[in-house]
Amino acid sequence: QVQLVESGGGLVQAGGSLRLSCAASGSIFRTDAMGWYRQAPGKQRELVAIIPSGTSTNYADSVKGRFTISRDNAKNTVYLQMNSLKPEDTAVYYCYAVVRTTYFSNSVAYWGQGTQVTVSS
């Protein structure tokens, strides 16, 4: 079994910064893509940023230039540095990881429990 544990959410004023962390633990052979999604009240969950096993990254247009995703493969951890936060960034942020538990197993997607980010105007 694999667990994803997020940390770093909270309340911040507009223009401020937060850094989210997500550590994957358990029976892990290899972690492929890792990323962050978010869900605001009354809206569908949306992709924020994703980083495959290499160095390339993809961002939602709404966060480009403000958010930076990175990962530490040795720690199976993904980070999301969020700068110049806006009230519209308010949402529950979910960590996402695609994990293989053994050499022979298929890749499986796992989700964290979510962490609240609230940006006040």
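In case you missed it, the structure is sitting above this.
If you're wondering where the values come from, they're calculated on a predicted model, not measured in any experiment. Think of each chain on its own: its residues are numbered from 1, step by step along the sequence as written. Under the rules for a predicted model, residues below a pLDDT of 70 receive no local features and side-chain atom pairs below 80 are neither given nor counted, while totals for whole chains, interfaces and linings still include all residues. Note that water and hydrogens are dropped before the side-chain values are worked out from all heavy atoms of the structure.

## What about the environment of valine 48?
By definition, any uninterrupted DSSP run of H or I lasting at least four residues is a helix, any uninterrupted run of E lasting at least two residues is a strand, and each is numbered from the N terminus. The residue valine 48 is located in strand β5 (residues 46-51) in this model. Separated by 32 residues in the primary sequence, valine 48 and leucine 80 place their C-alpha atoms 9.4 Å from one another. Sequence-distant contacts of valine 48, that is, excluding residues within four places in its chain, are made with Trp36, Tyr37, Arg38, Asn58, Tyr59, Ala60, Val63, Phe67, Leu80 and Tyr93. For this analysis, residues touch if any pair of their heavy atoms sits within 4.5 Å.

## Structural notes on the state of the cysteines
In what follows, a disulfide is any cysteine sulfur pair within 2.5 Å. Tallied over the full model, the rule gives one disulfide. The disulfide that involves cysteine 22 links it to cysteine 95, with 2.0 Å between the sulfurs. Classification of the bridge connecting cysteine 22 and cysteine 95 rests on its S-S torsion, roughly -80°, and on that basis the disulfide is left-handed. Within this pair, whereas cysteine 22 is found in strand β3 (residues 18-26), its partner cysteine 95 is found in strand β9 (residues 91-100), the two being separated by 73 residues in sequence. Comparing cysteine 22 with cysteine 95 shows no difference in burial state: the two are buried. Working definition: with a 1.4 Å probe on protein chains only, accessible area under 20% of the residue-type maximum means buried, over 50% means exposed, and in between means partly exposed.

## Focus on unusual backbone geometry
Excluding glycine, a negative phi dihedral is what most residues carry, and trans is how most peptide bonds are arranged. Within the chain, asparagine 76 stands out as a residue other than glycine whose phi angle is a positive 50°. Examined against the element boundaries, asparagine 76 turns out to sit in the loop between β7 (67-72) and β8 (77-82). Positioned with a positive phi, serine 84 is a non-glycine residue whose angle comes to about 50°. Within the fold, serine 84 resides in the loop between β8 and β9.

## Topic: the nonpolar core
As used in this record, nonpolar core signifies buried Ala, Val, Leu, Ile, Met, Phe, Trp, Tyr and Cys residues forming a set joined through side-chain atoms within 4.5 Å. Ranked by internal contacts, the top residues of the largest apolar core, which has 28 residues, are Trp36, Leu80, Met82 and Tyr93. Looking at this core, the elements with two or more residues in it are β1 (2-7), β3, β4 (30-39), β5, β7, β8, β9 and β11 (115-120). Top contributing element to this core by residue count: β9, with five residues. Here methionine 82 is in contact with Gly16, Ser17, Leu18, Leu20, Arg66, Phe67, Tyr93 and Val117, once residues within four sequence places are set aside. Of all hydrophobic cores here, the second largest spans five residues; its members include Ala33, Ile50, Tyr96 and Val98.

## A short note on the pattern of salt bridges
Each reported salt bridge corresponds to a side-chain nitrogen of Lys or Arg within 4 Å of a carboxyl oxygen of Asp or Glu. What the rule picks out here adds up to five salt bridges. The partner of arginine 30 in a salt bridge is aspartate 32, with the nearest N and O atoms 2.8 Å apart. A salt bridge links arginine 66 to aspartate 89, with the nearest nitrogen and oxygen atoms 2.8 Å apart. Of this pair, arginine 66 sits in the loop between β6 (58-59) and β7 while aspartate 89 is found in the loop between β8 and β9, placing the two residues 23 residues apart along the sequence. Like aspartate 89, arginine 66 is buried. Residues joined in a network through salt bridges with shared partners are Arg38, Glu46, Arg66 and Asp89.

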